[in-house]
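Geometric and topological summary
Below, each chain spelled out in residue letters.
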Amino acid sequence: MRESPAAASAAPRLIGWGVPTPPSEERRLMSRPNLTTSIATRLVDLLRRSGLEEGAHVTEQWAADKLDVSRTPARKAMLFLAEVGILRREPNRGFFLDRDAATLTGTDLTEGADMEEDAYFRIADDYIGGRFAGPFTAADISRGYGLSARQADRVLARMESEDLVRRKAGGRGWEFQQVFSTVEAHDQSYRFRMIIEPNALLEPGFTIDPEAAALHRKQQEALLRGDILLLPRAELFHVNASFHEMLVSFSGNQFLLDAARRQHRLRRLIEYRHQVDRSRLAGQAREHLHMLDLVEDGKLEEAAAFLRRHLDKVRVIKTQG
(Lines give C-alpha, C1' and ligand atoms only; values in the text may rest on other atoms or scores of the structure.)
Protein backbone atom coordinates (compact mmCIF):
# COMPACT_ATOMS: atom_id res chain seq x y z
CA MET A 1 0.00 0.00 0.00
CA ARG A 2 1.36 3.41 -0.92
CA GLU A 3 0.82 6.31 1.44
CA SER A 4 1.46 9.98 1.07
CA PRO A 5 4.39 11.43 3.07
CA ALA A 6 1.87 13.25 5.27
CA ALA A 7 0.06 10.04 6.10
CA ALA A 8 3.32 8.26 6.76
CA SER A 9 4.55 10.82 9.25
CA ALA A 10 1.15 10.84 10.96
CA ALA A 11 1.29 7.14 11.85
CA PRO A 12 4.15 6.63 14.27
CA ARG A 13 3.11 3.18 15.39
CA LEU A 14 2.98 1.76 11.88
CA ILE A 15 6.19 0.73 10.16
CA GLY A 16 7.16 0.29 6.54
CA TRP A 17 4.77 2.85 5.04
CA GLY A 18 5.29 3.06 1.30
CA VAL A 19 7.68 0.08 1.17
CA PRO A 20 7.63 -0.82 -2.56
CA THR A 21 8.78 -4.44 -2.38
CA PRO A 22 7.57 -6.52 0.58
CA PRO A 23 9.11 -9.96 1.20
CA SER A 24 8.11 -12.56 -1.38
CA GLU A 25 5.81 -14.49 0.96
CA GLU A 26 3.96 -11.34 2.01
CA ARG A 27 3.66 -10.35 -1.64
CA ARG A 28 1.99 -13.70 -2.38
CA LEU A 29 -0.66 -12.87 0.20
CA MET A 30 -1.37 -9.38 -1.15
CA SER A 31 -4.83 -8.74 -2.64
CA ARG A 32 -4.85 -10.00 -6.20
CA PRO A 33 -7.16 -7.91 -8.35
CA ASN A 34 -8.76 -10.11 -11.00
CA LEU A 35 -9.62 -8.54 -14.35
CA THR A 36 -12.81 -10.55 -14.86
CA THR A 37 -14.07 -9.75 -11.36
CA SER A 38 -13.18 -6.09 -11.75
CA ILE A 39 -14.90 -5.66 -15.13
CA ALA A 40 -17.91 -7.71 -14.01
CA THR A 41 -18.31 -5.47 -10.95
CA ARG A 42 -18.09 -2.34 -13.09
CA LEU A 43 -20.62 -3.83 -15.52
CA VAL A 44 -23.06 -4.54 -12.68
CA ASP A 45 -22.76 -0.92 -11.59
CA LEU A 46 -23.30 0.20 -15.21
CA LEU A 47 -26.40 -1.99 -15.53
CA ARG A 48 -27.80 -0.61 -12.31
CA ARG A 49 -27.22 3.00 -13.36
CA SER A 50 -28.73 2.32 -16.79
CA GLY A 51 -32.01 1.29 -15.18
CA LEU A 52 -32.54 -1.67 -17.51
CA GLU A 53 -35.42 -4.04 -16.90
CA GLU A 54 -35.43 -7.84 -16.80
CA GLY A 55 -35.07 -9.26 -20.30
CA ALA A 56 -33.13 -6.31 -21.71
CA HIS A 57 -30.59 -7.28 -24.38
CA VAL A 58 -27.03 -6.55 -23.24
CA THR A 59 -24.52 -6.69 -26.09
CA GLU A 60 -20.79 -7.26 -25.79
CA GLN A 61 -20.09 -4.17 -27.89
CA TRP A 62 -22.25 -1.94 -25.65
CA ALA A 63 -20.49 -3.23 -22.54
CA ALA A 64 -17.06 -2.86 -24.13
CA ASP A 65 -17.77 0.69 -25.31
CA LYS A 66 -19.27 1.85 -22.01
CA LEU A 67 -16.47 0.34 -19.91
CA ASP A 68 -13.72 1.32 -22.37
CA VAL A 69 -12.36 -2.20 -22.72
CA SER A 70 -12.01 -4.59 -25.65
CA ARG A 71 -14.71 -7.13 -26.43
CA THR A 72 -12.74 -10.13 -25.17
CA PRO A 73 -12.56 -9.08 -21.48
CA ALA A 74 -16.11 -7.71 -21.73
CA ARG A 75 -17.29 -11.12 -22.94
CA LYS A 76 -15.47 -12.94 -20.12
CA ALA A 77 -17.11 -10.64 -17.59
CA MET A 78 -20.53 -11.26 -19.16
CA LEU A 79 -20.01 -15.01 -19.07
CA PHE A 80 -19.20 -14.68 -15.36
CA LEU A 81 -22.39 -12.64 -14.81
CA ALA A 82 -24.31 -15.40 -16.60
CA GLU A 83 -22.68 -17.97 -14.32
CA VAL A 84 -23.87 -16.13 -11.20
CA GLY A 85 -27.39 -15.48 -12.47
CA ILE A 86 -27.30 -11.77 -13.32
CA LEU A 87 -27.30 -12.23 -17.08
CA ARG A 88 -28.88 -15.01 -19.14
CA ARG A 89 -27.06 -16.35 -22.20
CA GLU A 90 -29.20 -17.57 -25.08
CA PRO A 91 -27.62 -19.51 -27.97
CA ASN A 92 -27.25 -17.46 -31.16
CA ARG A 93 -28.93 -14.47 -29.49
CA GLY A 94 -26.51 -13.20 -26.88
CA PHE A 95 -26.92 -11.99 -23.30
CA PHE A 96 -30.07 -10.74 -21.58
CA LEU A 97 -30.60 -9.25 -18.15
CA ASP A 98 -32.08 -11.93 -15.89
CA ARG A 99 -33.44 -9.51 -13.27
CA ASP A 100 -34.34 -5.84 -13.04
CA ALA A 101 -31.22 -3.70 -12.78
CA ALA A 102 -32.76 -1.92 -9.79
CA THR A 103 -32.26 -5.12 -7.75
CA LEU A 104 -28.49 -5.07 -8.34
CA THR A 105 -27.59 -3.42 -5.08
CA GLY A 106 -24.56 -4.11 -2.95
CA THR A 107 -21.93 -2.35 -0.90
CA ASP A 108 -18.95 -3.52 -2.95
CA LEU A 109 -20.05 -2.10 -6.29
CA THR A 110 -18.01 1.08 -6.04
CA GLU A 111 -14.47 0.50 -4.82
CA GLY A 112 -13.60 2.72 -1.88
CA ALA A 113 -17.04 4.32 -1.65
CA ASP A 114 -17.20 3.75 2.11
CA MET A 115 -14.27 5.29 4.01
CA GLU A 116 -14.66 2.98 6.99
CA GLU A 117 -14.89 -0.13 4.82
CA ASP A 118 -11.85 0.99 2.84
CA ALA A 119 -9.87 1.71 6.03
CA TYR A 120 -10.88 -1.67 7.49
CA PHE A 121 -9.27 -3.56 4.61
CA ARG A 122 -6.25 -1.24 4.44
CA ILE A 123 -5.59 -1.96 8.12
CA ALA A 124 -5.93 -5.68 7.44
CA ASP A 125 -3.53 -5.43 4.49
CA ASP A 126 -1.02 -3.49 6.57
CA TYR A 127 -1.14 -6.07 9.34
CA ILE A 128 -0.72 -9.05 6.99
CA GLY A 129 2.02 -7.13 5.18
CA GLY A 130 3.97 -6.72 8.42
CA ARG A 131 3.52 -2.97 8.68
CA PHE A 132 2.15 -2.90 12.23
CA ALA A 133 4.67 -2.62 15.05
CA GLY A 134 3.08 -3.84 18.27
CA PRO A 135 0.22 -2.08 20.06
CA PHE A 136 -1.57 0.92 18.60
CA THR A 137 -4.27 3.41 19.59
CA ALA A 138 -7.49 4.65 18.06
CA ALA A 139 -5.70 7.94 17.46
CA ASP A 140 -3.04 6.12 15.40
CA ILE A 141 -5.78 4.59 13.26
CA SER A 142 -7.50 7.94 12.88
CA ARG A 143 -4.32 9.70 11.75
CA GLY A 144 -2.91 6.88 9.63
CA TYR A 145 -6.09 6.17 7.67
CA GLY A 146 -7.73 9.57 7.40
CA LEU A 147 -10.67 8.80 9.69
CA SER A 148 -12.45 10.87 12.28
CA ALA A 149 -12.16 9.70 15.87
CA ARG A 150 -15.69 8.30 15.73
CA GLN A 151 -14.99 6.45 12.48
CA ALA A 152 -11.79 4.96 13.91
CA ASP A 153 -13.71 3.78 16.98
CA ARG A 154 -16.32 2.11 14.77
CA VAL A 155 -13.70 0.33 12.65
CA LEU A 156 -11.94 -0.96 15.78
CA ALA A 157 -15.25 -2.02 17.33
CA ARG A 158 -16.02 -4.03 14.19
CA MET A 159 -12.59 -5.67 14.23
CA GLU A 160 -13.02 -6.45 17.92
CA SER A 161 -16.42 -8.05 17.28
CA GLU A 162 -14.77 -10.28 14.67
CA ASP A 163 -12.01 -11.33 17.12
CA LEU A 164 -9.32 -9.65 15.01
CA VAL A 165 -8.15 -7.12 17.61
CA ARG A 166 -8.47 -6.81 21.37
CA ARG A 167 -7.98 -4.07 23.93
CA LYS A 168 -4.74 -4.20 25.85
CA ALA A 169 -4.85 -4.99 29.55
CA GLY A 170 -6.05 -1.87 31.33
CA GLY A 171 -7.91 -0.69 28.23
CA ARG A 172 -5.12 1.54 26.92
CA GLY A 173 -4.54 0.82 23.25
CA TRP A 174 -5.19 -2.14 20.97
CA GLU A 175 -3.33 -5.14 19.59
CA PHE A 176 -4.06 -7.75 16.96
CA GLN A 177 -5.22 -11.18 18.01
CA GLN A 178 -3.34 -14.19 16.69
CA VAL A 179 -4.33 -14.62 13.05
CA PHE A 180 -2.67 -16.36 10.12
CA SER A 181 -0.32 -14.07 8.22
CA THR A 182 1.87 -16.47 6.20
CA VAL A 183 1.27 -18.81 3.30
CA GLU A 184 2.67 -21.76 5.29
CA ALA A 185 0.27 -21.20 8.20
CA HIS A 186 -2.66 -20.84 5.82
CA ASP A 187 -1.69 -24.09 4.09
CA GLN A 188 -1.45 -25.88 7.42
CA SER A 189 -4.85 -24.52 8.41
CA TYR A 190 -6.42 -26.11 5.34
CA ARG A 191 -4.65 -29.39 6.03
CA PHE A 192 -5.99 -29.30 9.58
CA ARG A 193 -9.49 -28.66 8.25
CA MET A 194 -9.08 -31.61 5.86
CA ILE A 195 -8.66 -33.78 8.97
CA ILE A 196 -11.40 -32.23 11.10
CA GLU A 197 -14.29 -31.43 8.77
CA PRO A 198 -14.65 -34.65 6.73
CA ASN A 199 -14.38 -36.78 9.87
CA ALA A 200 -17.09 -34.70 11.53
CA LEU A 201 -19.48 -36.10 8.92
CA LEU A 202 -18.63 -39.63 10.11
CA GLU A 203 -19.27 -39.06 13.82
CA PRO A 204 -21.76 -41.55 15.33
CA GLY A 205 -23.97 -38.71 16.58
CA PHE A 206 -24.21 -36.98 13.17
CA THR A 207 -27.73 -35.56 12.82
CA ILE A 208 -28.98 -33.04 10.27
CA ASP A 209 -30.81 -29.91 11.40
CA PRO A 210 -33.33 -29.47 8.53
CA GLU A 211 -33.91 -25.76 9.23
CA ALA A 212 -30.20 -24.95 9.24
CA ALA A 213 -29.64 -26.99 6.08
CA ALA A 214 -32.51 -25.19 4.31
CA LEU A 215 -31.18 -21.77 5.34
CA HIS A 216 -27.67 -22.51 4.08
CA ARG A 217 -29.02 -24.00 0.86
CA LYS A 218 -30.86 -20.74 0.22
CA GLN A 219 -27.70 -18.73 0.92
CA GLN A 220 -25.59 -20.80 -1.47
CA GLU A 221 -28.28 -20.62 -4.15
CA ALA A 222 -28.41 -16.83 -3.67
CA LEU A 223 -24.67 -16.69 -4.36
CA LEU A 224 -25.41 -18.23 -7.75
CA ARG A 225 -28.10 -15.61 -8.38
CA GLY A 226 -25.74 -12.68 -8.06
CA ASP A 227 -24.72 -12.46 -4.40
CA ILE A 228 -21.18 -13.54 -5.32
CA LEU A 229 -20.70 -10.05 -6.75
CA LEU A 230 -23.14 -8.09 -4.61
CA LEU A 231 -22.19 -9.10 -1.07
CA PRO A 232 -19.40 -7.26 0.76
CA ARG A 233 -16.26 -9.30 1.43
CA ALA A 234 -16.91 -9.80 5.13
CA GLU A 235 -20.43 -11.13 4.55
CA LEU A 236 -19.29 -13.36 1.71
CA PHE A 237 -16.68 -14.90 4.01
CA HIS A 238 -19.32 -15.40 6.72
CA VAL A 239 -21.73 -17.17 4.34
CA ASN A 240 -19.11 -19.69 3.25
CA ALA A 241 -17.43 -20.16 6.64
CA SER A 242 -20.77 -20.67 8.38
CA PHE A 243 -21.71 -23.31 5.78
CA HIS A 244 -18.69 -25.38 6.83
CA GLU A 245 -19.41 -24.76 10.51
CA MET A 246 -22.97 -25.99 9.93
CA LEU A 247 -21.71 -29.31 8.55
CA VAL A 248 -19.38 -29.77 11.52
CA SER A 249 -22.15 -28.81 13.97
CA PHE A 250 -24.28 -31.72 12.69
CA SER A 251 -21.65 -34.06 14.18
CA GLY A 252 -22.86 -33.24 17.68
CA ASN A 253 -19.20 -33.03 18.76
CA GLN A 254 -18.56 -29.66 20.39
CA PHE A 255 -14.78 -30.14 20.31
CA LEU A 256 -14.80 -30.48 16.53
CA LEU A 257 -17.08 -27.44 16.18
CA ASP A 258 -14.84 -25.33 18.45
CA ALA A 259 -11.82 -26.32 16.35
CA ALA A 260 -13.59 -25.40 13.10
CA ARG A 261 -14.68 -22.01 14.47
CA ARG A 262 -11.17 -21.22 15.66
CA GLN A 263 -9.73 -21.96 12.23
CA HIS A 264 -12.23 -19.62 10.59
CA ARG A 265 -11.36 -16.82 13.01
CA LEU A 266 -7.62 -17.25 12.49
CA ARG A 267 -7.82 -17.25 8.68
CA ARG A 268 -10.34 -14.41 8.32
CA LEU A 269 -7.92 -11.67 7.21
CA ILE A 270 -6.19 -13.77 4.56
CA GLU A 271 -9.54 -14.97 3.24
CA TYR A 272 -10.74 -11.37 2.92
CA ARG A 273 -7.86 -10.73 0.56
CA HIS A 274 -8.84 -13.64 -1.65
CA GLN A 275 -12.40 -12.32 -1.95
CA VAL A 276 -10.97 -9.67 -4.30
CA ASP A 277 -11.12 -12.40 -6.97
CA ARG A 278 -14.67 -13.73 -7.03
CA SER A 279 -14.47 -15.53 -10.36
CA ARG A 280 -13.86 -18.94 -8.71
CA LEU A 281 -16.63 -18.69 -6.12
CA ALA A 282 -19.45 -19.95 -8.35
CA GLY A 283 -17.77 -23.35 -8.58
CA GLN A 284 -17.30 -23.44 -4.82
CA ALA A 285 -20.98 -22.62 -4.25
CA ARG A 286 -22.04 -25.44 -6.57
CA GLU A 287 -19.75 -27.83 -4.68
CA HIS A 288 -21.30 -26.70 -1.39
CA LEU A 289 -24.76 -27.50 -2.76
CA HIS A 290 -23.57 -30.92 -3.96
CA MET A 291 -22.14 -31.63 -0.50
CA LEU A 292 -25.47 -30.72 1.05
CA ASP A 293 -27.26 -33.04 -1.38
CA LEU A 294 -25.00 -35.92 -0.38
CA VAL A 295 -25.46 -35.25 3.33
CA GLU A 296 -29.23 -34.98 3.07
CA ASP A 297 -29.32 -38.21 1.05
CA GLY A 298 -27.44 -39.97 3.85
CA LYS A 299 -24.35 -40.60 1.70
CA LEU A 300 -21.99 -39.56 4.44
CA GLU A 301 -18.91 -41.54 3.36
CA GLU A 302 -19.19 -40.05 -0.13
CA ALA A 303 -19.83 -36.59 1.33
CA ALA A 304 -16.76 -36.83 3.56
CA ALA A 305 -14.53 -37.80 0.64
CA PHE A 306 -15.97 -35.02 -1.50
CA LEU A 307 -15.49 -32.47 1.29
CA ARG A 308 -11.84 -33.45 1.66
CA ARG A 309 -11.26 -33.01 -2.09
CA HIS A 310 -13.11 -29.69 -1.99
CA LEU A 311 -10.90 -28.36 0.81
CA ASP A 312 -7.73 -29.58 -0.88
CA LYS A 313 -8.70 -27.89 -4.15
CA VAL A 314 -9.34 -24.58 -2.38
CA ARG A 315 -6.10 -24.98 -0.42
CA VAL A 316 -4.09 -25.22 -3.63
CA ILE A 317 -5.85 -22.22 -5.16
CA LYS A 318 -5.31 -20.01 -2.14
CA THR A 319 -1.79 -21.00 -1.19
CA GLN A 320 -0.19 -21.84 -4.54
CA GLY A 321 -2.24 -19.84 -7.02
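Throughout what follows, the structure given in this document is the object of discussion.

Quick notes on the rules
- Residues numbered from 1 in each chain as written.
- Predicted model: local features only at pLDDT ≥ 70, side-chain atom pairs only at ≥ 80, totals over all residues.
- Heavy atoms only, no water.
- Helix = DSSP H or I, 4+ residues; strand = E, 2+ residues; numbered from the N terminus.
- Buried < 20%, exposed > 50% of the residue type's maximum accessible area, 1.4 Å probe, protein only.
- Contact = heavy atoms within 4.5 Å.
- Areas by Shrake-Rupley, 256 points an atom, 1.4 Å probe, with all protein chains shown as cover.
- Core = buried A, V, L, I, M, F, W, Y, C linked by side-chain atoms within 4.5 Å.
- Pairing = 2+ DSSP bridges.
- Axes fitted to C-alpha atoms, helices over the stretch in contact; angles between N-to-C directions.
- Expected span 1.5 Å × (residues − 1).
- Salt bridge = Lys/Arg side-chain N within 4 Å of Asp/Glu carboxyl O.

All right, on to the overall build of the protein then. Helices and strands together make up the secondary structure of the protein, namely 15 helices and five strands. Residues classed as buried in the protein amount to 50% of the 321 residues present. Within the protein, contacts between residues separated by at least 24 positions form 72% of all contacts whose residues are at least 6 apart in sequence. Total accessible area on the protein stands at roughly 15,400 Å², and carbon and sulfur atoms take up 49% of it.

Moving on to the nonpolar core. One finds Leu43, Leu47, Leu81, Ile86, Leu87 and Ile228 to be the most contacted residues of the largest nonpolar core, which totals 35 residues. Going through the elements one at a time, helix H3 (35–50), helix H4 (60–67), helix H5 (71–83), strand E3 (94–97), helix H10 (210–230), helix H11 (233–249) and helix H14 (281–296) are the ones with two or more residues in this core. Counting residues per element, this core draws most heavily on H3, at six residues. Discounting chain neighbours no more than four positions away, the residues touching leucine 47 are Leu52, Val58, Trp62, Leu81, Leu87, Leu97, Ala101 and Leu104. In this structure, Leu201, Phe250, Leu294 and Phe306 belong to the second largest nonpolar core, which totals 19 residues.

This part takes up the sheet that holds strand E1 (residues 57–58). Sheet architecture is open: three strands sit in the order E1-E3-E2, paired in antiparallel fashion. Across the chains shown, the open sheet's two edge strands, defined by having one partner strand only, are E1 and strand E2 (87–90). Taken together, the four bridges between E2 and E3 define a ladder with antiparallel strand orientation. Across the sheet, the residue bridging to leucine 87 is leucine 97, located in E3. In this fold H5 packs onto E1, E2 and E3, with an angle of close to 105° to the strand it touches most, E2.

Further remarks concern helix H6 (residues 115–128). End to end, H6 covers 20 Å across 14 residues, agreeing with the expected 20 Å (1.5 Å per residue, within 8%). H6 sits mainly inside the fold: 11 of its 14 residues count as buried. When we look at burial in H6, the residues that qualify are Glu116, Glu117, Ala119, Tyr120, Phe121, Arg122, Ile123, Ala124, Asp125, Asp126 and Ile128.

Moving on: H14. Helix length check: H14, at 16 residues, gives a terminal C-alpha distance of 23 Å against a target of 22 Å (1.5 Å per residue), a fit within 8%. Where H14 is concerned, the buried positions are Leu281, Ala282, Gln284, Ala285, Glu287, His288, Leu289, Met291, Leu292, Leu294 and Val295. Its buried side turned inward, H14 meets H5, H10, H11 and helix H15 (300–320). Following H14 by one or two positions, glycine 298 has its phi on the positive side, about 80°.

To continue, consider the pattern of salt bridges. This structure, assessed with the given rule, holds 20 salt bridges. Here arginine 93 and glutamate 90 are joined by a salt bridge, their closest N and O atoms 2.5 Å apart. A cluster of three or more residues bridged by salt bridges with shared partners is formed by Arg88, Glu90, Arg93 and Asp98.

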